[in-house]
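Examination of the molecular architecture
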Amino acid sequence: MNETLKLGLILLLITAISAFVLAVSNNATSAKIEEADRIANDEARKEVLPDVEKFEPLDEVKFKEINNSNEEVTEIYEGKDGSGEVKGYTLKTIIGGFGGDIEVITGISVEGQITGMKVLSHSETPGLGANADQPEFQERFKGIPTDNELVIVKESPANENEVQAITSATITSNAVADGVNLAREIYNSQLSK
C-alpha cells in the first residue's frame, strides 16, 4: 500500500506540473492565435467583398436580433467605401457538412450579387469534400444574384441560380450552398431594406 501511495503522489506531481506548463504555454500563445485568426478573417472578407476600403461589424443590436433566430450566423460585417457608404456585407456561417462543421464567409453587394464565397474551415474528406476550399469551386458562386435560392447540380448549370457540385462530394457541396443560401436569405430579409 505504501508503494501505491508513493506512485500515486508521483503521478499527481507529474500531472500538476504538466497542467501548469500547458496553462503557461496556452496563455503565451492565445494572443498570437487570436491575432492570426483576426488577420485570416480580414483577408477572407477582402477576398469575398473586394472593392471596399474598410469593414465594420454590423450594429450589435441588429446582429443579435439576426443571430437569435439564426445561430448559424456567427458574424456580419459592413463593407464601406472611402466616404463611409455601405457597398456590401460579409456574412460568416457555420453549417454541418459530411465530416463536421463547415465555416463559410459570403460577400454580397448592395446590388444583390454574390461577390464571393470562401470556405474558412472544414473537416471534409481529403481529395473529395476538402476540395470545397479550392478556388475553382469557390469561383462558381461569384456573380449569382441573391433573388433565388442556390441549387447544387451535378452537370453544368443551366440556370443562373445553379452551381455545379464538387465531383463525388455532393453532401459537402450542398452544405456550402446552404451556408451561402443562409447568407443570401439574411441579406434579402434583414440587410437589403
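Residues numbered from 1 in each chain as written. Predicted model: local features only at pLDDT ≥ 70, side-chain atom pairs only at ≥ 80, totals over all residues. Heavy atoms only, no water.

1. Digging into unusual backbone geometry
Where we set the bar: We count a stretch as a helix when DSSP gives it H or I for four or more residues in a row; a strand needs E for two or more, and each element gets its number in order from the N terminus.
In the Ramachandran plot, D51 falls in the positive-phi region, its phi being about 70° despite a non-glycine side chain. Inspection of the secondary structure puts D51 in the loop between α1 (2-48) and β1 (54-57). Even without a glycine there, the phi angle at S168 is positive, about 65°. Considering the arrangement of structural elements, one finds S168 in the loop between β7 (162-164) and α4 (170-191).

2. Here we look at the UniProt feature "domain: FMN-binding" (unreviewed entry) in the protein
Put simply, the test is: UniProt positions are given in the numbering used here, feature names are shortened, and annotations may be inferred rather than shown by experiment.
Residues annotated in UniProt with the feature "domain: FMN-binding" (unreviewed entry) correspond here to residues 97-187. The span residues 97-187 is 24% helix and 25% strand, and its two end C-alpha atoms sit 22 Å from each other.

3. Overview of the sheet that holds β1
The cut-off we apply is this: Should DSSP find at least two bridges between two strands, the strands are taken to pair. Interaxial angle, 0 to 180 degrees, is taken between N-to-C directions of lines fitted to C-alpha atoms, where a helix line uses only the stretch in contact. Whether two residues touch is decided by their heavy atoms; if any such pair falls within 4.5 Å, the residues are in contact.
In spatial order, the strands read β1-β2-β3-β4-β5; together these five strands make up an open sheet with antiparallel pairing. The open sheet has two edge strands, β1 and β5 (114-121), and neither has a second partner. Across this sheet, the average inter-strand angle for adjacent strands is 25°, counted without regard to direction. Both strand β3 (residues 86-96) and strand β4 (residues 101-109) contribute to a ladder of nine bridges, which runs antiparallel. Bridge assignment links L91 to a residue of β4, and that residue is T106. Against the sheet, α4 contacts β2 (73-80), β3, β4 and β5, and its axis sits at roughly 140° relative to β3.

4. As for the UniProt feature "modified residue: FMN phosphoryl threonine" (unreviewed entry) in the protein
For clarity, the cut-off: Three labels apply to residues, based on accessible area from a 1.4 Å probe with only protein chains included: buried if under 20% of the type maximum, exposed if over 50%, partly exposed otherwise in between.
UniProt records the feature "modified residue: FMN phosphoryl threonine" (unreviewed entry) at T170, using the numbering of this structure. Counting through the fold element by element, T170 comes out in helix α4. With a relative accessible area of 29%, T170 lands in the partly exposed category.

5. Some points on the packing of aromatic side chains
Quick note on the threshold: Only rings of Phe, Tyr and Trp enter the pairing, Trp through its six-membered ring, and a pair is recorded when the two centres are within 6.5 Å. The plane angle decides the type: under 30 degrees is stacked, over 60 is edge-to-face, the rest tilted.
Considering all chains together, one arrives at two aromatic pairs under this definition. Pairing Y89 with Y187 gives two aromatic rings, centres 6.1 Å apart and planes at 55°, and the pair type is tilted. With Y89 in strand β3 and Y187 in helix α4, this pair connects stretches of sequence that are 98 residues apart. Where F137 meets F141, the ring centres are 5.3 Å apart and the plane angle is 85°; that geometry is what we call edge-to-face. Since its relative accessible area comes to 0%, F141 is described here as buried.

6. Structural notes on the pattern of salt bridges
A side chain of one charge can pair with a side chain of the opposite charge if their charged atoms are brought near each other. Heads up, the rule is: Criterion for a salt bridge: a side-chain nitrogen of Lys or Arg within 4 Å of a carboxyl oxygen of Asp or Glu.
Tallying each qualifying case throughout the model produces 16 salt bridges. Linking E56 and K54 is a salt bridge whose minimum nitrogen-to-oxygen distance equals 3.6 Å. Looking at K54, the relative accessible area reads 38%, which means it is partly exposed. For D81, the salt bridge identified is with K87, shortest N-O distance 4.0 Å. Within this structure, E35, R38, D42, R45, E75, K92 and E103 form a network of salt bridges that share partners.

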